[in-house]
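As a plain string of letters, each chain reads:
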Amino acid sequence: MFKKIAEKFDSLSDKITLEQKDPIQYPAFTKEYVDDEVKLNSFLVVNNRTNQAKYVDYNDMLVQEFSQQTFQFYTVGVDVEGKLISAIQYVTNPNLPVIYYTVGHEEYEIGELFKDTMDRMNILIQPLQTLTSEQIPEDCDVLVINGPKLDFSDGEIDMIKKYMEAGGNTVIVMDYQAQEFKNLNSLVNYYGIQVEKGIICEGDANRYVPLYPRYIVPKILEHDITKGLYNSNRIVVTPKSSGITIMDNTRKSLTIEPLLETSESAYSKVNLNPKT
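Residues numbered from 1 in each chain as written. Predicted model: local features only at pLDDT ≥ 70, side-chain atom pairs only at ≥ 80, totals over all residues. Heavy atoms only, no water.

*Asks:* Please explain the overall build of the chain as it appears in this structure.
*Replies:* When its secondary structure is counted, the chain shows 6 helices and 17 strands. The globule rule puts the C-alpha radius of gyration for 276 residues at 19 Å, and the 24 Å found for the chain is more than 25% above it. The C-alpha extent of the chain, read off along each of the three principal axes, is 70 × 50 × 35 Å. Here the chain, with 276 residues, has 33% of them falling under the buried criterion. Counted over contacts in the chain with a minimum sequence separation of 6, partners at least 24 positions apart contribute 61%. Within the structure as shown, the chain displays about 18600 Å² of accessible surface, and the carbon and sulfur contribution to it stands at 50%. When the 27 positive and 40 negative side-chain charges of the chain are each reduced to one mean point, those points stand 4 Å apart. (Helix = DSSP H or I, 4+ residues; strand = E, 2+ residues; numbered from the N terminus. Rg over C-alpha atoms; globule rule 2.2 N^0.38 Å. Buried < 20%, exposed > 50% of the residue type's maximum accessible area, 1.4 Å probe, protein only. Contact = heavy atoms within 4.5 Å. Areas by Shrake-Rupley, 256 points an atom, 1.4 Å probe, with all protein chains shown as cover. Lys, Arg positive; Asp, Glu negative; His and termini not counted. Charge placed at Lys NZ, Arg CZ, Asp CG, Glu CD.)

*Asks:* Even after reading the chapter, I still don't get the sheet that holds strand S7 (residues 142-146), so can you show me in this structure?
*Replies:* Either a parallel or an antiparallel arrangement is found when strands of a sheet pair, and the pairing is made through backbone hydrogen bonds. Within the open sheet, the 4 strands sit side by side as S6-S5-S7-S8. Their pairing is parallel. Single-partner strands in this sheet number two, and they are strand S6 (124-129) and strand S8 (169-173). Geometrically, the sheet is characterised by an average inter-axis angle of 25 degrees between neighbouring strands, direction not taken into account. (Pairing = 2+ DSSP bridges. Axes fitted to C-alpha atoms, helices over the stretch in contact; angles between N-to-C directions.)

*Asks:* Explain the pairing of S8 here, please?
*Replies:* Successive residues of a regular strand alternate their side chains across the two faces of the sheet. For S7 and S8, the ladder comprises 5 bridges, and the chain directions are parallel. For Leu 143, the partnering residue across the bridge sits in S8 and is Thr 170. Note that the unit made of S7, helix H4 (residues 154-165) and S8 has a crossover that is right-handed. (Right-handed = clockwise from strand over helix to strand, strands pointing away.)

*Asks:* Would you explain the layout of surface pockets in this entry?
*Replies:* Over the atoms, a rolled probe matching the size of one water molecule traces out where space is still vacant. Roughly 2100 Å³ of volume is contained in the largest pocket. Lining of the largest pocket is provided by 48 residues; of these, Ile 172, Ile 193, Ile 244, Glu 257 and Leu 259 occupy positions nearest its centre. At the level of secondary structure, the elements contributing two or more residues to the lining of the largest pocket comprise S8, helix H5 (182-190), strand S9 (193-195), strand S14 (238-239), strand S15 (244-246), strand S16 (260-261) and strand S17 (267-269). For the lining of the largest pocket, a count of residues per class yields 27 nonpolar, 15 polar and 6 charged. Looking at the second largest pocket, its volume works out to about 1200 Å³. Of all elements in the fold, only helix H1 (2-12), strand S1 (43-46) and helix H2 (80-92) reach the threshold of two or more residues within the lining of the second largest pocket. Sort the elements by how many residues they give to the lining of the second largest pocket and H1 lands first, with 5 residues. (1 Å grid on protein atoms, 1.4 Å probe; cavity = no way out; pocket = protein on both sides within 12 Å on 5 of 7 lines; lining within 4 Å. Points joined across faces, edges and corners; volume = space filled by probe spheres on them. Nonpolar A, V, L, I, M, F, W, Y, C, P; charged D, E, K, R; others polar.)

Laid out in structure tokens, this is it:
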């Protein structure tokens, strides 16, 4: 079945040629292009002009779902066409988008689901040690700061601020532990956002998970970023969240748009002692 789907690409374009090679009979032919061990029923997409290549593993083309009854994954379909299109776009695009994520501050690891989604979209992901960098790389399309447990230095913040002032895009993820980070909070404050101390407790019983007022079910506001959620019946649960408020006297050049909202009954619990 995989071969028949791939043959359609060959028949629809004179720029695509399908060749079949047995990796057992030709064990070394892939080493020129990739380091991956090429398995049976898999694909290696190669741009013959640039030698840019991408390996599409057989297992990656299987669509699987997890069963809550058996606690096992089951194959429910295949996505050969989608994976091959993504690989063709990868080898023919000389300027792939790049996401850099900061390291060195005990940040949360970038999840496999996120990496797989970015890989499918042909977005490269690279770590960046900002403490030893003179500037954010010129090819950085988005800089991600993913829940650091240590504050950034003055020099790092200045470097990130220069990148953002020049039009760079940054995603900053902070949890309640980062509320005392002077430098990181100064960067957030510079853009008109104040992270409030404590953890939000929701006072409206219809807006949190029963018995767990810290597990908030916020209102999803209409925005391009939230469009997929706003137009669906899905909900979002945000456990142990900190409040975010818009500061007074923000610069006129700033546009600040909220995405999620608590009820008017929500409050911030500063003393995290469970007995209070």
